[in-house]
Amino acid sequence: MIALTPFQSEWGFVCGRVSALEARLLPPEFFQTLVSHPRLEDMMRQLQESPLRESVVSGSDWQDWSGIVDGFFHTLVRSIRHDCPNPAVANIFILRDDYLNLKLAVNGQTDFPFAEAMLSREQLLDAAGGDTSVLPSPFREAAEEARAAMEEDRGHTLVDVILDAAYLRHLLALGESVDAPLVQAYAADMVASRALVALWRRLKSGIPARTLQEYMLPMGSLTPMLTAVLSTGQPAEWADVVPGELGQLLRQAFEEAAAEEAQYFEDLAANHLVMMARRGQGQVAGPERVLSFLRTVASETHNMKLIVCGRLSRIEGAVLKRRMRVANV
């Protein structure tokens, strides 16, 4: 069991705010009921009883539902971040948007659909025009490496690999910058699980393991494990070299999933992260309490997107229930 840090008075205000917001977290029954509604109108009525009530009005464009939910979550995280003595705890949950926008900028595009986290639109526009010097580290180094790959005509797929790896390294660094063992362990497992899924899918798409090792590594403290994974061969054998809970979840994915093992492992790993972060609920004043709250809201918003978008795509409720994440208890 990872011990919580002692009471930290500087985190008192934001933790008090989080304590009040926790009263708005949704019970598991909310999602079980939501996915069972036969009509979209019934889903809308229930969603109007959720924290998203102001975004769900009669005549809402369901096709933009994913953007509505993402906007709600991003606004909440930025608001919480403003009150955090160390913003890294909040940035863990929204950093990915910056790297998705950065991919577009490196490709010279100037339309950035993802919300700003640590990079401004002005910085992204300058980068799209070729001036990466305006980007803070480590975004600058990642953009320069990706652009160099493009100039050598090595394809957009390699650019994606480079920036995905940069995102994961940055995510790991954010966790390590927080003086709380639970936050550090959470970030390490989050990066490890996402790196495994990324490698899994890249290998399946035909990218050689040698290329992935060249551009995905090093990955800080996770380098030995990921090196062993790339040397092992087939993902079915990875559980033998991945330690701890994630190794057990890899084995479970192959034992229980008839197909789409990578997706099943990703869902299992996400629930593992929820349970890990939940330990922070016992913190009165400290970064662990913020981590726990934001992780729970992240699961809630995932479920809302999954259910509504799944129903719009006529996916059966039973399938959606299997994909739902653990949220509140």
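Structural data are supplied above this passage.
Please read these numbers as outputs of a predicted model, since none were measured by experiment. (Residues numbered from 1 in each chain as written. Predicted model: local features only at pLDDT ≥ 70, side-chain atom pairs only at ≥ 80, totals over all residues. Heavy atoms only, no water.)

Draft legend 1. Local environment of the side chain of His170. Locating His170 in the fold gives a position in helix H9 (residues 156–176). We classify His170 as buried; its relative accessible area is 8%. Among the polar contacts listed, one links the side chain of His170 to the side chain of Tyr99, at a separation of 2.9 Å. Those residues in contact with His170 that sit more than four places away from it in its chain are Leu95, Tyr99, Met118, Pro138 and Phe139. (Helix = DSSP H or I, 4+ residues; strand = E, 2+ residues; numbered from the N terminus. Buried < 20%, exposed > 50% of the residue type's maximum accessible area, 1.4 Å probe, protein only. Polar contact = N/O pair within 3.5 Å; in protein donor to acceptor, adjacent residues only side chain to side chain. Contact = heavy atoms within 4.5 Å.)

Draft legend 2. Quick peek at a negative patch on the surface. A cluster of acidic side chains, namely Glu116, Glu122, Asp126 and Asp131, defines a negative patch on the protein surface. Along the polypeptide, Asp131 turns up in the loop between helix H7 (121–128) and helix H8 (139–151). A relative accessible area of 33% means that Asp131 is categorised as partly exposed. (Patch = residues over 30% accessible without salt bridge, like charges linked within 9 Å, V, L, I, M, F, W, Y side chains within 5 Å. Areas by Shrake-Rupley, 256 points an atom, 1.4 Å probe, with all protein chains shown as cover. Salt bridge = Lys/Arg side-chain N within 4 Å of Asp/Glu carboxyl O. Lys, Arg positive; Asp, Glu negative; His and termini not counted. Charge placed at Lys NZ, Arg CZ, Asp CG, Glu CD.)

Draft legend 3. Quick peek at unusual backbone geometry. In this model, Ser137 is joined to Pro138 through a cis peptide bond whose omega is 5°. Residue placement: Pro138 occurs in the loop between H7 and H8. Between Leu217 and the following residue, Pro218, the backbone shows a cis peptide bond with an omega angle of 5°. You can see Pro218 is positioned in the loop between helix H11 (209–216) and helix H12 (223–232). In this model, Arg314 sits at a positive phi of 65°, which is unusual for a non-glycine residue. Secondary-structure assignment places Arg314 in the loop between helix H15 (287–312) and helix H16 (317–323).

Draft legend 4. How the structure looks around the packing of aromatic side chains. Scanning all chains against the criterion turns up seven aromatic pairs. Measuring from ring centre to ring centre gives 6.3 Å for Trp200 and Phe265, while their planes differ by 40°; the resulting arrangement is tilted. Taken together, the residues Trp200 in helix H10 (residues 181–204) and Phe265 in helix H14 (residues 261–278) connect sequence positions 65 residues apart. What makes Trp200 buried here is its relative accessible area of 9%. Connected via pairs of aromatic rings, a cluster forms that spans Trp200, Trp238, Phe254 and Phe265. (Phe/Tyr/Trp six-rings, centres within 6.5 Å; stacked < 30°, edge-to-face > 60°.)

Draft legend 5. A look at H12. Residues of H12 that are buried include every one of Thr223, Met225, Leu226, Val229 and Leu230, and no others. Projected onto a plane normal to the axis of H12, the buried residues spread over an arc of 165° and lie on a single side. Summarising the geometry of H12, the exposed residues directed more than 90 degrees from the buried face are Pro224 and Ser231. On its buried side, H12 packs onto H10 and H11. A positive phi of about 115° marks Gly233, the residue just after H12. (Arc of directions from axis to C-beta.)

Draft legend 6. Geometry of the side chain of Asp267. Structurally, Asp267 can be placed in helix H14. For Asp267, a relative accessible area of 7% puts it in the buried group. If we ignore the near neighbours within four places in the chain, the residues touching Asp267 are Arg323 and Arg325.

Draft legend 7. Structural view of the nonpolar core. With 92 residues, the main nonpolar core has Ile80, Leu102, Tyr186, Leu196, Leu226, Phe265 and Val290 as its most contacted residues. If sequence neighbours within four positions are ignored, Leu226 has contacts with Ala195, Leu196, Leu199, Leu217 and Met219. Membership of the second largest hydrophobic core comes to 17 residues, among which are Phe30, Met43, Met304 and Leu306. (Core = buried A, V, L, I, M, F, W, Y, C linked by side-chain atoms within 4.5 Å.)

Draft legend 8. Fine view of the environment of Ala180. Here Ala180 shows up in the loop between H9 and H10. Take Ala180: its relative accessible area is 0%, and that puts it in the buried class. For Ala180 and Gly286, which are 106 residues apart along the polypeptide, the C-alpha to C-alpha distance reads 8.3 Å. Not counting residues up to four positions away in its chain, the partners in contact with Ala180 are Thr5, Pro287 and Glu288.

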